[in-house]
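Descriptive structure summary
What follows is each chain in one-letter form.
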Amino acid sequence: MTDQAPTAYAGPERVLSGVQPTGDLHLGNYLGALVKFARLQHEIDTFIFVADLHAITAWQEPSKLKHQVREIAAAYLATGLDPKVATIFAQSAVPEHAELAWVFNCVARLGWLDRMTQFKDKAGKHKERESVGLYTYPVLQAADILAYKATKVPVGEDQRQHLELTRDIAQKFNNDFNAPGFFPLPDALTQGPGARIMSLRDGTAKMSKSDPSDNSRINLTDDADAIAQKVRKARTDPEPLPETMEGLADRAEARNLVGIYAALAGVTEARVLAEFAGQGFGAFKPKLADLAVSVMGPIGGEMRRLLADPAEIDRILTDGAQRARALAAPTVAEVKKLVGFWAG
Ligand code: AQP
């Protein structure tokens, strides 16, 4: 260990993010992550992966996992990721993720992981029954990001704490191995109106794939009828919409629906209130349903079209994995040298 002053990373800006193939993607994944990927690919070198290593931190049916990976890849393509512009790949096709994660397991401290709220939320009262992988999940996430020396990570608000841990790991690695500026300290890109979409049944819980109630979320593959019905059934209150955001302070469900409308329409929440102030949910919900159908409907259709030709998706993932490995392998080789491995 040295106590050398940190030197700033001087490499290029790069975006990296991923989604787990653990079930139907929903509006929260779409607004919190996928929309940002499609936008960023035209601004910065962008790497987007399907997180199948992360997925098995909870049980996944082996006969279905490959298809689940293709579904996420189809969602990426249907929401505008262009494989000629962005690098799209499956995490398990790039062994450097797991290799670097082991080194980072030895850099991260138990106390750091003990503070991760997502593990506490997911494990609940029975943490001794969870996989060790679920506990060290944020360490693998740090490896995902730093194998590519990514500097920007577009994620939902729920991932902010994990990004802080990635920064801590990068900083400690740079210090411990006397390699100032070797890894960047990446920034989470969580800004935007879709950063935290809440459940349609409970405005205090995030919209999540693993919520047992399908009515709690709008899935990317829901058809128009399902979307309209879920919006109609969404929990609300009897009050009309107020004129300002302050008026939504204690109305979690109402605030969530206004936020969803704003994110889907690409306008501010204030603008939504300017349009609907004084109206009740009987008037607002059908407008929201129409908007959601018009944005999400074509995505589901395009996913179904893409999934009809899995060979083409596999071709894109194979090509992406080659490009990803070409970048990650030299970084991990340098890490092995810095650590002093025999095979370094
Ligand atoms: N409700 C949400 N609002 C905004 N962004 C969200 N994300 C997830 N839920 C919301 C963002 O979607 C990206 C991919 O998430 P993931 O599938 O890798 O894992 P997750 O965050 O654990 O998503 P879920 O839906 O909650 O899955 P389960 O239920 O399996 O845990 C991330 O950028 C995440 O921030």
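Each value, and the rule that gives it
Residues numbered from 1 in each chain as written. Predicted model: local features only at pLDDT ≥ 70, side-chain atom pairs only at ≥ 80, totals over all residues. Heavy atoms only, no water. Helix = DSSP H or I, 4+ residues; strand = E, 2+ residues; numbered from the N terminus. Rg over C-alpha atoms; globule rule 2.2 N^0.38 Å. Buried < 20%, exposed > 50% of the residue type's maximum accessible area, 1.4 Å probe, protein only. Contact = heavy atoms within 4.5 Å. Domains from an automatic or database assignment. Buried area = accessible area lost by both parts, 1.4 Å probe. Phe/Tyr/Trp six-rings, centres within 6.5 Å; stacked < 30°, edge-to-face > 60°. Lys NZ or Arg CZ within 6 Å of the ring centre and 35° of its normal. Pairing = 2+ DSSP bridges. Near = heavy atom within 4 Å. Polar contact = N/O pair within 3.5 Å; in protein donor to acceptor, adjacent residues only side chain to side chain. Areas by Shrake-Rupley, 256 points an atom, 1.4 Å probe, with all protein chains shown as cover. Expected span 1.5 Å × (residues − 1). Bend = angle between axes of the 7 residues up to and from the residue.

A few words now on the overall build of the protein. When helices and strands are counted, the protein shows 13 helices and five strands. For 344 residues, the compact-globule formula gives about 20 Å, and the C-alpha radius of gyration of the protein, at 21 Å, lands near that figure. Overall, the protein is about 70 × 45 × 40 Å in size when its C-alpha atoms are taken along their principal axes. By residue count, 50% of the 344 residues in the protein fall in the buried class. Nonlocal contacts in the protein, meaning residues at least 24 apart in sequence, comprise 77% of its contacts between residues at least 6 apart.

A few words on the domain arrangement of the protein. Partitioning the protein into structural domains gives domain 1 (14–195 + 310–339) and domain 2 (214–305). Placing a centre on the C-alpha atoms of domain 1 and another on those of domain 2 gives a separation of 29 Å. Contacts between the two partners involve 14 residues from domain 1 and, on the opposite side, 14 residues from domain 2. For the pair domain 1 and domain 2, the summed buried surface comes to about 1200 Å²; carbon and sulfur atoms form 78% of the total.

Tallying each qualifying case throughout the model produces 15 aromatic pairs. Residues F104 and F173 carry aromatic rings whose centres are separated by 6.2 Å and whose planes lie at 75° to one another, so their mutual orientation is edge-to-face. Placement of F104 in helix α4 (residues 96–105) and of F173 in helix α8 (residues 160–176) is noted, with a sequence separation of 69 residues between them. For the pair F104 and F173, a shared accessibility class is recorded, and that class is buried. Three or more aromatic residues joined by ring pairs make a cluster, and in this case those are F104, F173, F177, F182 and F183. Just above the ring of F182 sits the side chain of K149; from NZ or CZ to the centre is 3.9 Å.

Let's shift gears to unusual backbone geometry. Despite not being glycine, K149 shows a phi value in the positive range, around 50°. One can find K149 in the loop between α7 (132–146) and β4 (152–154). K149 gets classed as buried once you look at its relative accessible area, which sits at 14%. In the Ramachandran plot, N178 falls in the positive-phi region, its phi being about 50° despite a non-glycine side chain.

Taking every second residue as pointing to the same face, both faces of strand β3 (residues 87–90) are buried, with T87 and F89 on one and I88 and A90 on the other. One ladder, built from four bridges, connects strand β2 (residues 45–50) with β3; its direction is parallel. Opposite I48, over in β3, you have I88 as the bridge partner.

In this section: the site of the ligand. Lining the immediate surroundings of the ligand are 22 residues, of which H26, D158, S208, K209 and S210 lie closest. Within the contact set of the ligand, an oxygen atom lies 2.6 Å away from a side-chain nitrogen or oxygen of H26. Here D158 contributes a side-chain N or O atom positioned 2.6 Å from an oxygen atom of the ligand. Compared with its free state, where it exposes 640 Å², the ligand has 95% of that area covered by protein. For the shell around the ligand, the element with the highest residue contribution is helix α1 (residues 27–40), accounting for four residues.

Moving on, we come to the side chain of Q159. By secondary structure assignment, the location of Q159 is in the loop between β4 and α8. Relative accessible area serves as the criterion here: at 11%, Q159 is assigned to the buried category. Setting aside anything within four residues of it in sequence, one finds Q159 in contact with Q118, Y137 and Q141.

On to α7, then. The first and last C-alpha atoms of α7 sit 21 Å apart over 15 residues, in line with the 21 Å expected at 1.5 Å per residue. The largest bend in α7 is about 45°, located at P138.

Bringing the environment of A123 into the picture now. Of note, A123 is situated in helix α6 (residues 117–123). Here the alpha-carbon distance between A123 and V267, two residues 144 residues apart in the chain, equals 37 Å.

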